[in-house]
Amino acid sequence: MRNFEIQAVDQSLRAAIQQKIDNLNKPKGSLGRLEELAMQICLIQKTLSPSLSHPCHLLLGADHGIEREGVSVSPRDVTWQQMVNFTRGGGGVNMFCRQHGFDLKIVDVGVDHDLSEVLGIINRKIARGTKNFLYEAAMSEEEFDRAIEIGAELVDECVASGCKVLCIGEMGIANTSPSSIWMSIFGQIPLNDCIGAGAGLDAPGIRHKCDVLNRALTNSHCETTEEVLRYFGGFEMIAAIGAMLRAAEQHLVVLVDGFIMTACALGACRLSPEAQDYMIFTHCGDESGHKMMLDILHAKPLLHLGLRLGEGTGALCAFPIVDSAVRMVNEMNNFDNAKITKYF
């Protein structure tokens, strides 16, 4: 795997940023989380005048071998069908990207279907889905490295177009299964507490999913973070980790979505703890265990709307709050210019 050189955000501007925020014509601290977000974004970009120019959304699609074990209510065909639907503008992710002006990039990293001729899908296919991790590692070392590189390369393309804020989403039936296992291993939480309904399993379905994933965990023998990620992960998830790490290296603001993307953020932070400085955790979803995973990262989500769609939709929903924080620090007047007596 490539060596990402990610630095913790430079704190040297903190006092100057705080002074600017405190001198805006408002009571000190009265804009709460917006002030915290403004501070974080200013530190990420090393400026008192931050920008969210050319926001980009990476929608990464791939299939999972573990789906063959019936751990999802949805069949794998839904992955490629939804990928095609996204090119026609018909998904939730399309609507939110249009609403908030995001440049949407739909990327096939490992869908089990030939999408090479579908206009609007970027072809970065590694293989037609991962292997079944109930019996063997989901991917080889070479496939893992390639997925990391794909994520990094996609970020470089975004940066070349002027991107300063990145959102990442996923499309991959059964990807709550690897997310639950990563959460269990990295958070040292009993696996059954990490497993939920996914796209809508009933109680017997959840019990079956627990049985399959517990057997898979017992069969695996992973020692390092990279081995855990490679043994259980999906191509879209590893590519997301590569994208998060490269985005942090490039000092982008990274908007983290729901259960799957928080699992990817957890994996990225295990590889490089400094990467979390660049992440904004946008919401707490309805998937069982998401709040616990956010707690592992000591992350404070912006929203709790009962979302569990994935695709990056929750992060896109939260973008106006992030935008408001940047507008606050850039556009609000200060006490001197407004000729208002500073009363604190």
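All of the points below concern the structure found in this document. (Residues numbered from 1 in each chain as written. Predicted model: local features only at pLDDT ≥ 70, side-chain atom pairs only at ≥ 80, totals over all residues. Heavy atoms only, no water.)

Digging into the side chain of Thr 79
The line we're drawing: Elements are defined by DSSP. Helices are runs of H or I of four residues or more, strands are runs of E of two residues or more, and each kind is numbered from the N terminus. Buried means the residue's accessible area, taken with a 1.4 Å probe over protein chains only, is under 20% of the maximum for its type, while exposed means over 50%, and partly exposed covers the values in between. Here, residues are in contact when the closest pair of their heavy atoms is within 4.5 Å.
Mapping Thr 79 onto the fold places it in helix α3 (residues 77-87). In this structure Thr 79 comes out as buried when scored by relative accessible area, which is 0%. Each residue touching Thr 79, except ones within four places of it in the same chain, is listed here: Ala 62, Asp 63, Val 111, Met 171, Gly 172 and Ile 173.

Some words on the sheet that holds strand β4 (residues 165-171)
Note on sheets: strands pair through backbone hydrogen bonds, and any given pair is parallel or antiparallel. The criterion, for reference: Being paired, for any two strands, means DSSP has found at least two bridges between them. With axes taken as lines fitted to C-alpha atoms, and helix axes fitted only over the stretch in contact, angles between N-to-C directions fall between 0 and 180 degrees.
Strand order in the open sheet formed by six strands is β3-β2-β1-β4-β5-β6, with parallel pairing between adjacent strands. The open sheet has two free edges, formed respectively by β3 (121-123) and β6 (279-281), since each of these has just one partner strand. Strand-to-strand twist of the sheet, defined as the mean angle between neighbouring strand axes without regard to direction, takes the value 30 degrees. As paired elements, β4 and strand β5 (residues 253-256) share three bridges and run parallel to each other. In the strand pairing of β5, Cys 167 is matched with Leu 255. On the sheet, helix α2 (residues 32-45) packs against β5 and β6 and is oriented at approximately 160 degrees with respect to β6.

Some details on helix α6 (residues 176-187)
This is how it is decided: One fewer than the residue count of a helix, multiplied by 1.5 Å, yields its expected span.
Taking 1.5 Å of rise per residue, 12 residues should cover 16 Å, and α6 covers 16 Å from first to last C-alpha, within 8% of that figure. Of all 12 residues in α6, 10 are buried, a share of seventy percent or more. Buried within α6 are the following residues: Thr 176, Ser 177, Pro 178, Ser 179, Ser 180, Ile 181, Trp 182, Met 183, Ser 184 and Phe 186. Buried residues along α6 sit in contact with α7 (191-194), α8 (203-219), α9 (225-232), α10 (235-249), α11 (259-271) and α12 (290-296). Of the residues flanking the end of α6, it is Gln 188, one or two places downstream, whose phi is positive at about 55 degrees.

Some points on α3
One turn of the α-helix equals 3.6 residues, which is why residues spaced by three or four share an orientation. The line we're drawing: Within this analysis, the arc is defined by the directions that extend from the helix axis to the C-beta atoms.
Listed in full, the buried residues belonging to α3 are Thr 79, Met 83, Val 84 and Phe 86. In an axial view of α3, the angular spread of the buried residues amounts to 155 degrees, which keeps them on one side of the axis. Where the residues of α3 are buried, they touch β1 (56-62), α4 (92-100), β2 (103-110), β3 and β4. Of the residues one or two after α3, Gly 89 is the one with positive phi, at around 80 degrees.

Digging into the pattern of salt bridges
In plain terms, the rule: A carboxyl oxygen of Asp or Glu within 4 Å of a side-chain nitrogen of Lys or Arg is what we treat as a salt bridge.
Evaluated as defined, the whole model comprises 19 salt bridges. Its salt-bridge partner being Glu 36, residue Arg 33 comes within 3.3 Å of it at the nearest N-O pair. Residue Arg 33 and its partner Glu 36 are both found in helix α2; the two are separated by three residues, about one turn of the helix. A salt bridge links Arg 327 to Asp 323, with the shortest nitrogen-to-oxygen separation between them at 2.9 Å. Here Asp 323 and Arg 327 lie together in helix α13 (residues 313-331), a separation of four residues that amounts to about one turn. Residue Asp 323 is classed as partly exposed on the basis of its relative accessible area, which comes to 21%.

Here's the deal with the packing of aromatic side chains
Cut-off, in case you're wondering: Aromatic pairs are defined between Phe, Tyr and Trp rings, using the six-membered ring for Trp, whenever the two ring centres lie within 6.5 Å; interplanar angles under 30 degrees are classed as stacked, those over 60 as edge-to-face, and all others as tilted.
Under the defined criterion, the tally for this structure stands at three aromatic pairs. Taking 4.9 Å as the distance between ring centres and 85 degrees as the angle between the ring planes, the aromatic pair formed by Phe 102 and Phe 319 counts as edge-to-face. Residue Phe 102 is found in the loop between α4 and β2, and its partner Phe 319 is found in helix α13; the two are separated by 217 residues along the sequence. With 5.1 Å between their ring centres and 80 degrees between their planes, Phe 133 and Phe 232 make a pair best called edge-to-face. On the criterion of sequence distance, the pair formed by Phe 133 in the loop between β3 and α5 (141-160) and Phe 232 in helix α9 is long-range, its members being 99 residues apart. One exposure class covers both Phe 133 and Phe 232, and it is buried.

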